[in-house]
Amino acid sequence: MTPLAHRNVSAGQPRVRGNALVTAGAGGIGAKIAGRLKADGFQVFITDIDRAAGEKVSDELYVEFIPCDSASEADMRHAVDISGPVEVLVNNVGIRGATGAIWEIPIDDFRQTLEVNTISQVFMSQLVAPAMMQRRSGVIIMIASAAARTGSVGRSPYGISKWGVLGLTKSLANELAPWGIRANAVLPGMVAGKRFEGSIALHAEREGITREEALDRIMSRTGLKRFVDPGEVAAAVSYLASDDAIGITGTFLDVSGGFE
């Protein structure tokens, strides 16, 4: 991977607006967010536990990749040290978590999901906040989920962890407002991909129906009757990171197609 400082930059590209750090940026929504923020003029850093995927996205998007396990405090500290000063933090990391009835899932599986999906976002926010406060400038964006609002049968660790992210968003917004720092959350709905395929299969198994019937039932809860594209989530992040959203903090921006 070639360091960003040594890469050729076209004169037609926008000026650098500051550093943006996107966790779990090596694929799916994270990669789309990284590409969108790069196009917006940010110098973008991505973290991911998947080194091969991270290096691939780095080469494709001309962003900096930092190997990072979001369950490791040392890795997260290193990522912030490398990417600072961070003007925009996008807490995108999240795992699907264990599935099954809430009373059957081992408590350690809840702990693991909360550690990655919630605690890591708390810790990353703690790491970037002091420098943002010193500069009196910065944006923190959490990628939560529509499941935080509605719950999800058979996926309670995930839903609980994302509900915690909403509480984190409100707390950060309230506590950092005196320094002009904004904190908001984006709530994606059904994004096509491996994770959602697993949800469909779980729903079908629990209900004793086919995959197609399970998909129809889930889609019936969505106003627009379609999947959300990762690029639509990235567009929401782009807006919240921009000066156009300078008066917005503590908000949950729903990008679910009307999922209820």
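As a reminder, the structure under discussion sits directly above these lines.
A short tour of the structure in this document, coming up. The structure displayed is predicted, hence computed values, not measured ones. (Residues numbered from 1 in each chain as written. Predicted model: local features only at pLDDT ≥ 70, side-chain atom pairs only at ≥ 80, totals over all residues. Heavy atoms only, no water.)

Okay, the sheet that holds strand S5 (residues 139-143) next. Read across the open sheet, the seven strands follow the order S3-S2-S1-S4-S5-S6-S7; overall the sheet is parallel. The strands lining the two open edges of the sheet, one partner per strand, are strand S3 (64-67) and strand S7 (252-255). Here the strands of the sheet are splayed against their neighbours by 20 degrees on average, with no regard to which way each runs. Of the pairings in the sheet, the one linking strand S2 (residues 43-48) to S3 comprises four bridges and is parallel in character. Its bridge partner lying in S3, Asp48 is registered against Pro67. (Pairing = 2+ DSSP bridges. Helix = DSSP H or I, 4+ residues; strand = E, 2+ residues; numbered from the N terminus. Axes fitted to C-alpha atoms, helices over the stretch in contact; angles between N-to-C directions.)

This part is about the layout of surface pockets. Size it by volume and the second largest pocket reaches roughly 300 Å³. Around the second largest pocket sit 17 residues that line it, and Glu87, Ser137, Val139, Arg182 and Asp243 are the ones nearest its centre. Counted by class, the lining of the second largest pocket contains seven nonpolar, four polar and six charged residues. (1 Å grid on protein atoms, 1.4 Å probe; cavity = no way out; pocket = protein on both sides within 12 Å on 5 of 7 lines; lining within 4 Å. Points joined across faces, edges and corners; volume = space filled by probe spheres on them. Nonpolar A, V, L, I, M, F, W, Y, C, P; charged D, E, K, R; others polar.)

Right, let's get into the environment of Ile102. Relative to the elements of secondary structure, Ile102 occurs in the loop between strand S4 (86-91) and helix H4 (107-135). Along the sequence, Ile102 and Glu175 sit 73 residues apart, while their C-alpha atoms lie 33 Å from each other. Setting aside residues up to four positions removed in sequence, Ile102 forms contacts with Phe110 and Ser156. (Contact = heavy atoms within 4.5 Å.)

Under the counting rule described, the total for this entry stands at zero aromatic pairs. When the ring centre of Tyr158 is taken as origin, the NZ or CZ atom of Arg155, which lies over that ring, is 4.3 Å away. Here Lys170 stacks its cationic end above the ring of Phe252, 5.3 Å away from the centre of that ring. (Phe/Tyr/Trp six-rings, centres within 6.5 Å; stacked < 30°, edge-to-face > 60°. Lys NZ or Arg CZ within 6 Å of the ring centre and 35° of its normal.)

Summed over all chains, the structure comprises five salt bridges. Arg36 is the partner of Asp40 in a salt bridge, and the nearest nitrogen-oxygen pair spans 3.9 Å. Residue Arg111 is joined to Asp108 by a salt bridge in which the shortest nitrogen-to-oxygen separation is 2.8 Å. You can see Arg111 and its partner Asp108 sitting in helix H4, three residues apart, about one turn around the helix. For the pair Arg111 and Asp108, a shared accessibility class is recorded, and that class is exposed. (Salt bridge = Lys/Arg side-chain N within 4 Å of Asp/Glu carboxyl O. Buried < 20%, exposed > 50% of the residue type's maximum accessible area, 1.4 Å probe, protein only.)

This part covers the packing of helix H1 (residues 28-39) against helix H9 (residues 230-241). Between H1 and H9, whose axes approach to 8 Å, the crossing angle comes to 45 degrees. Relative to H9, H1 is oriented oblique. In the crossing of H1 with H9, the sense of the turn from one axis to the other is right-handed. For the pair formed by H1 and H9, the contact residues are Gly28, Ile29, Lys32, Ile33, Arg36 and Leu37 on the first element and Pro230, Gly231, Val233, Ala234, Ala235, Val237, Ser238 and Ala241 on the second. (Parallel < 35°, antiparallel > 145°, perpendicular 65-115°, else oblique. Left-handed = near helix turned anticlockwise from the far one by under 90°.)

Taking 1.5 Å as the rise per residue, H1 with twelve residues should run 16 Å; its terminal C-alpha atoms sit 17 Å apart, in good agreement. Within H1, burial applies to Ile29, Gly30, Ala31, Ile33, Ala34 and Leu37. Of the residues one or two after H1, Gly41 is the one with positive phi, at around 105 degrees. (Expected span 1.5 Å × (residues − 1).)

What you tend to see is this: most non-glycine residues have negative phi, and most peptide bonds are trans. With an omega of -5 degrees, the peptide bond between Gly84 and Pro85 qualifies as cis. Looking at where Pro85 falls in the secondary structure, it is placed in the loop between helix H3 (73-83) and S4. Its identity is not glycine, yet Tyr62 carries a phi of approximately 60 degrees, on the positive side. Tracing the backbone through its elements, the reader meets Tyr62 in the loop between helix H2 (51-61) and S3. For Arg136, which is not glycine, the phi dihedral falls at a positive 55 degrees. Checked against the element boundaries, Arg136 lands in the loop between H4 and S5.

Here we come to the pairing of strand S6 (residues 182-188). Counting buried positions along S6 gives seven out of seven residues, so the element sits mostly inside the fold. Residues Arg182, Asn184, Val186 and Pro188 of S6 are buried on one face, and the alternating residues Ala183, Ala185 and Leu187, pointing to the opposite face, are buried as well. Here five bridges tie S5 to S6, and the two strands are oriented parallel to one another. From the neighbouring strand, Val139 faces S6, where its bridge partner is Arg182. Inspection of the sheet shows S6 paired to S7 by four bridges, in the parallel sense.

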